[in-house]
Amino acid sequence: MIPVMQPLLPTFEEVSPWLRRMDQSRTYTNLGPLVSELESRHAARLGVSPAQVVSSANATLALTGAIALSAADSWIVPDFTFPASGHAVLLAGRHLVLSDVRDGDWQLDVSSMPSDYLLGIMPVLPFGAPLKLDEWESFPNVVVDAAASLGADEWNLNDLPETWAVVFSLHATKILPAGEGGLAVFGSTDQARRFRAWSNFGFAGTRRSTIAGTNAKMAEMTAAYGLASLERWMLEREQWSSNLSVANEITAELGLLTPVQRYKGVHPYWIIQLRDTEEREAVATGLESLGVETRQWWPTPLHRMPAFQEVDRNSDSPVASRLAATTLGLPMYRGLSADQIREIGEKLKAVLRSHRNINSPRTL
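Residues numbered from 1 in each chain as written. Predicted model: local features only at pLDDT ≥ 70, side-chain atom pairs only at ≥ 80, totals over all residues. Heavy atoms only, no water.

Details of the overall build of the protein
- Along its length, the protein carries 10 helices and 10 strands.
- Since a compact globule built from 364 residues should have a radius of gyration of about 21 Å, the 21 Å found for the protein is in line with a globular shape.
- With the principal axes as the frame, the protein shows a C-alpha extent of 70 × 50 × 35 Å.
- The buried share of the protein, reckoned over its 364 residues, is 56%. (Helix = DSSP H or I, 4+ residues; strand = E, 2+ residues; numbered from the N terminus. Rg over C-alpha atoms; globule rule 2.2 N^0.38 Å. Buried < 20%, exposed > 50% of the residue type's maximum accessible area, 1.4 Å probe, protein only.)

Put into structure tokens, the structure is as follows:
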């Protein structure tokens with residue numbers, strides 16, 4: 001069976017120099033030197049001051065803290081996203097409103113939303129999409145869920161508005177992984193300072209809690225893996241790029257290109273969109289029988305999940321419902337060979353041909 005994903009962290013040999021530094025400093029958590037270095041090195045990649053970047057134990061906590069410290073009471077979140085986006089709003093104690101996404105790029109449709117100061121929006125960059133700052137420029141309170149987008153083409157967040165934040169994930173399945181962890185980039189150093197306090201029980205230079213907070217700090221061991229990943233970034237980028245290039249060629253040949261496969265830069269996904277739910281299920285079942293694992297990464301809109309049954313919605317989310325019913329993730333990870341990707345392509349082609357010949361007079 002070819003798995004749909006197989007994370008690849010730095011090896012022991014690659015991470016051991018950083019672990020030795022941790023041993024020497026005898027600092028294992030509580031905003032240690034490795035965490036500080038990881039934040040500084042990512043700040044340089046993202047075009048901002050190190051004072052604007054704060055790490056966290058995971059990206060969900062980073063989203064939660066950024067929302068908790070905002071001025072917005074209500075937050076608009078796309079109905080088509082990973083549950084962490086909605087959970088972050090609820091965990092922050094704010095009002096969650098689910099909204100539909102656009103057909104063309106699967107991102108939050110804000111065209112008819114008021115840019116009220118008490119309203120926040122959480123644009124989700126689906127499956128590694130790049131960031132377009134001008135997309136939401138009329139909104140004062142924006143927290144971007146960019147979990148899988150660290151590999152998007154050259155980042156420059158130098159013009160990030162002061163009341164905005166962008167959150168990345170360092171999960172084992174993402175680009176530049178640390179096993180777990182998150183990075184929050186703030187438009188102002190003051191907001192970053194407040195978030196750092198929030199992530200450390202509200203401490204801001206003393207042992208007294210100055211604001212309501214929690215424990216969301218990144219551990220030094222996590223930072224060690226993150227730093228080791230940065231050391232081999234060019235190799236990692238080349239591996240992702242090579243695999244995605246082969247997958248995109250196959251996807252285009254089969255007429256299944258999605259916005260995900262058109263993104264610039266690299267990301268850890270091979271997503272196809274089928275004609276309907278019946279075809280998606282037939283493809284998933286057919287590939288499984290041929291030794292290829294698949295996954296519905298976002299299998300249902302949030303409003304259909306029990307955890308979000310009681311939250312408000314500002315539309316019926318027809319696009320989110322259709323995307324959840326027709327999209328399918330194929331194997332994509334570093335270590336997957338070009339021959340294996342082509343093998344997956346041939347099996348996908350055979351399954352599609354069989355299904356469409358049986359159910360329709362049309363062929364591929």
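A short note on the sheet that holds strand S5 (residues 141-145)
- If you walk across this open sheet you meet the eight strands as S1-S7-S6-S5-S4-S2-S3-S9, and the pairing is mixed. Two strands bound the open sheet, and with one partner strand each, they are strand S1 (53-56) and strand S9 (312-313).
- Both strand S3 (residues 95-99) and S9 contribute to a ladder of two bridges, which runs parallel. Within S9, the residue paired with Val 97 across the bridge is Asp 312. (Pairing = 2+ DSSP bridges.)

Here we look at the packing of helix H8 (residues 277-289) against helix H10 (residues 338-359)
- It is the contact of H8 with H10, at a shortest axis distance of 9 Å, that shows an interaxial angle of 135°. Put simply, H8 runs oblique to H10. Two packed elements cross with a definite hand, and for H8 against H10 that hand is right-handed. Residues Glu 278, Glu 279, Ala 282, Val 283, Gly 286 and Leu 287 of H8 lie in contact with H10, whose contacting residues are Lys 347, Leu 348, Val 351, Leu 352, His 355, Arg 356 and Asn 359.
- Grouping the constituent residues of the contact of H8 with H10 by class yields six nonpolar, three polar and four charged. (Axes fitted to C-alpha atoms, helices over the stretch in contact; angles between N-to-C directions. Parallel < 35°, antiparallel > 145°, perpendicular 65-115°, else oblique. Left-handed = near helix turned anticlockwise from the far one by under 90°. Contact = heavy atoms within 4.5 Å. Nonpolar A, V, L, I, M, F, W, Y, C, P; charged D, E, K, R; others polar.)

Observations concerning H8
- Taking 1.5 Å of rise per residue, the 13 residues of H8 would be expected to cover 18 Å, and the 18 Å separating its terminal C-alpha atoms lies within 8% of that figure.
- Of all the residues in H8, the buried ones are Glu 279, Arg 280, Val 283, Ala 284, Gly 286 and Leu 287.
- Check the buried side of H8 and you find it contacts helix H9 (318-326), strand S10 (327-330) and H10.
- Downstream of H8 by a residue or two, Gly 291 has a phi angle that is positive, lying close to 85°. (Expected span 1.5 Å × (residues − 1).)

Some details on the layout of surface pockets
- There is about 680 Å³ of room inside the largest pocket.
- Taken together, 38 residues make up the lining of the largest pocket; nearest its centre are Ser 169, His 171, Thr 173, Lys 174 and Tyr 269.
- Mapped by element, the contributors of at least two residues to the lining of the largest pocket are helix H3 (59-68), helix H4 (83-91) and helix H7 (233-253).
- At three residues, the largest contribution of residues to the lining of the largest pocket is made by H3.
- Of the residues belonging to the lining of the largest pocket, the class tally is 25 nonpolar, eight polar and five charged. (1 Å grid on protein atoms, 1.4 Å probe; cavity = no way out; pocket = protein on both sides within 12 Å on 5 of 7 lines; lining within 4 Å. Points joined across faces, edges and corners; volume = space filled by probe spheres on them.)

With respect to the environment of Leu 63
- If you trace the backbone, Leu 63 turns up in helix H3.
- Each C-alpha atom of the pair Leu 63 and Arg 102 lies 22 Å from the other, and the pair is 39 residues apart in sequence.
- Sequence-distant contacts of Leu 63, defined by excluding residues within four places in its chain, comprise Ala 84, Ser 85, Ala 88, Met 122, Val 143, Val 144, Asp 145 and Val 167.

Topic: helix H5 (residues 189-198)
- The set of residues buried in H5 consists of Gln 191, Ala 192, Phe 195, Ala 197 and Trp 198.
- Against the buried residues of H5 lie S1, H3 and strand S7 (182-186).

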